[in-house]
Amino acid sequence: AQSVSQHNHHVILSEAASLELGCNYSYGGTVNLFWYVQYPGQHLQLLLKYFSGDPLVKGIKGFEAEFIKSKFSFNLRKPSVQWSDTAEYFCAVNVRGGGYNKLIFGAGTRLAVHP
Amino acid sequence: EAGVAQSPRYKIIEKRQSVAFWCNPISGHATLYWYQQILGQGPKLLIQFQNNGVVDDSQLPKDRFSAERLKGVDSTLKIQPAKLEDSAVYLCASSLSRDQPQHFGDGTRLSIL
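Attention here is on the structure that accompanies the text. Only a predicted model underlies this, so the values are computations on that prediction, with no experimental measurement involved.

## Here we look at the pairing of strand β6 (residues 45-50) of chain A
All names here are of chain A.
Now for step 1: In this sheet, β6 lies alongside strand β5 (residues 31-38) in antiparallel orientation, the contact comprising five bridges. Bridging from a neighbouring strand, W35 pairs with L48 of β6.
Now for step 2: Connecting β5 to the antiparallel partner β6 that follows it, the hairpin turn spans six residues, and G41 within it adopts a positive phi of roughly 80°.

## Considering unusual backbone geometry
Residues and elements named next belong to chain B.
Now for step 1: Backbone torsion omega between S7 and P8 reads -10°, so that peptide bond is classified as cis.
Now for step 2: Following the sequence through the fold, P8 ends up in the loop between β1 (5-7) and β2 (10-13).
Now for step 3: Going from Q80 to P81, the amide bond is cis rather than trans, its omega being -5°.
Now for step 4: Its location among the elements puts P81 in the loop between β8 (75-79) and β9 (88-95).
Now for step 5: For K71, which is not glycine, the phi dihedral falls at a positive 65°.
Now for step 6: With respect to the helices, strands and loops of the structure, K71 is situated in the loop between β7 (65-68) and β8.
Now for step 7: Residue classification places K71 among the exposed positions, given a relative accessible area of 81%.

## Observations regarding the sheet that holds β1(B)
Residues and elements named next belong to chain B.
Now for step 1: Strand order in this open sheet of four strands is β1-β3-β8-β7, and the pairing throughout is antiparallel. This sheet does not close on itself; its edge strands, each paired only once, are β1 and β7. In this sheet, adjacent strand axes meet at a mean angle of 15° when their direction is disregarded.
Now for step 2: As paired elements, β7 and β8 share four bridges and run antiparallel to each other.

## Quick word on the state of the cysteines
Residue and element names in this part refer to chain B.
Now for step 1: In the structure shown here, the tally under the stated rule is two disulfides over all chains.
Now for step 2: Disulfide partner of C23: C92, at an S-S distance of 1.9 Å. Its torsion about the S-S bond being -70°, the disulfide of C23 and C92 is classed as left-handed. Note that C23 is positioned in strand β3 (residues 19-24) and C92 in strand β9, a separation of 69 residues in sequence. Neither C23 nor C92 differs from the other in exposure class; each is buried.

## Considering the interface of chain A and chain B
Now for step 1: Chain A puts 20 residues into the contact, and the matching count from chain B is 20 residues.
Now for step 2: Taken over both partners, the interface formed by chain A and chain B buries close to 1500 Å², and the fraction arising from carbon and sulfur atoms is 48%.
Now for step 3: A per-residue breakdown of the area chain A buries against chain B is headed by L44(A), N101(A) and K102(A), which together make up 31% of the total.
Now for step 4: Applying the counting criterion to the chain A and chain B interface returns one salt bridge.
Now for step 5: K102(A) is paired through a salt bridge with D56(B); the nearest N and O atoms lie 3.7 Å apart.
Now for step 6: Across the chain A-chain B interface, the total number found is two residue pairs in polar contact (both at pLDDT 80 or more).
Now for step 7: Put simply, the parts of the chain that give the side of chain A that touches chain B at least two residues each are β5, β6, β10 (87-97) and β11 (100-105) of chain A.

## Thoughts on the nonpolar core
Now for step 1: Counting residues in hydrophobic clusters, the biggest one holds 31 residues, and the most contacted among them are Y25(A), L33(A), W35(A), L48(A), F74(A), L76(A) and Y89(A).
Now for step 2: Ranked by the residues each element gives to this core, the list is headed by β10(A), at five residues.
Now for step 3: Excluding residues within four positions of it along the chain, Y25(A) makes contact with S3(A), V4(A), V31(A), L33(A), F67(A), F72(A), S73(A) and V93(A).
Now for step 4: One finds C23(B), I47(B), L77(B) and A82(B) within the second-largest nonpolar core, a separate group that totals 21 residues.

Parameters at a glance
- Residues numbered from 1 in each chain as written.
- Chains lettered and ligands numbered in written order.
- Predicted model: local features only at pLDDT ≥ 70, side-chain atom pairs only at ≥ 80, totals over all residues.
- Heavy atoms only, no water.
- Pairing = 2+ DSSP bridges.
- Helix = DSSP H or I, 4+ residues; strand = E, 2+ residues; numbered from the N terminus.
- Buried < 20%, exposed > 50% of the residue type's maximum accessible area, 1.4 Å probe, protein only.
- Axes fitted to C-alpha atoms, helices over the stretch in contact; angles between N-to-C directions.
- Disulfide = S-S within 2.5 Å.
- Contact = heavy atoms within 4.5 Å.
- Buried area = accessible area lost by both parts, 1.4 Å probe.
- Salt bridge = Lys/Arg side-chain N within 4 Å of Asp/Glu carboxyl O.
- Polar contact = N/O pair within 3.5 Å; in protein donor to acceptor, adjacent residues only side chain to side chain.
- Core = buried A, V, L, I, M, F, W, Y, C linked by side-chain atoms within 4.5 Å.

Next comes the structure, spelled out in structure tokens:
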């Protein structure tokens, strides 16, 4: 069965530290890849997406992610986090094929950034 | 643009009671989704509509859950009767088409006593 694994459930960083959140998926077919973010008290918002082309994609607020097909990974990075990045981050994979089209989420990583 | 609207924001009921949630997607979005998010987990797709037709309800517990999208716009999700394990946040999302990014509503937090 298709699944998405996020390596860390909780991450605590100080401001200006670098961030990398891991995401791996299990599906051998065509995929589109997403990172969603949920700030406290807000709804899920799209951070960035990969459909095709350059495997290094840039999103809002200085975030980027790299798709490594051979590793089935789509890790999220930010060189220097801010207190306002405190949120929960979800990796999601859209699996498609034979009329099947579904978005599968990881369990999420809760990031706390301390001033 | 206006986002995905959901109501109510919170609902508390006793087990075996029934409950309904409402969703109004972004105007023009053909695809509508209902997700269940249990505490500590990511959202799990319950049902997906393309206009007013169901395209995927494979993870919907059909003995107690039902959903409809009459006229291809608003949608309702119903649980009857509710069980303790149904306590979760129910998210509605919409997208222009099935391949496009989904836009989420604020969700309905359901607590079963």
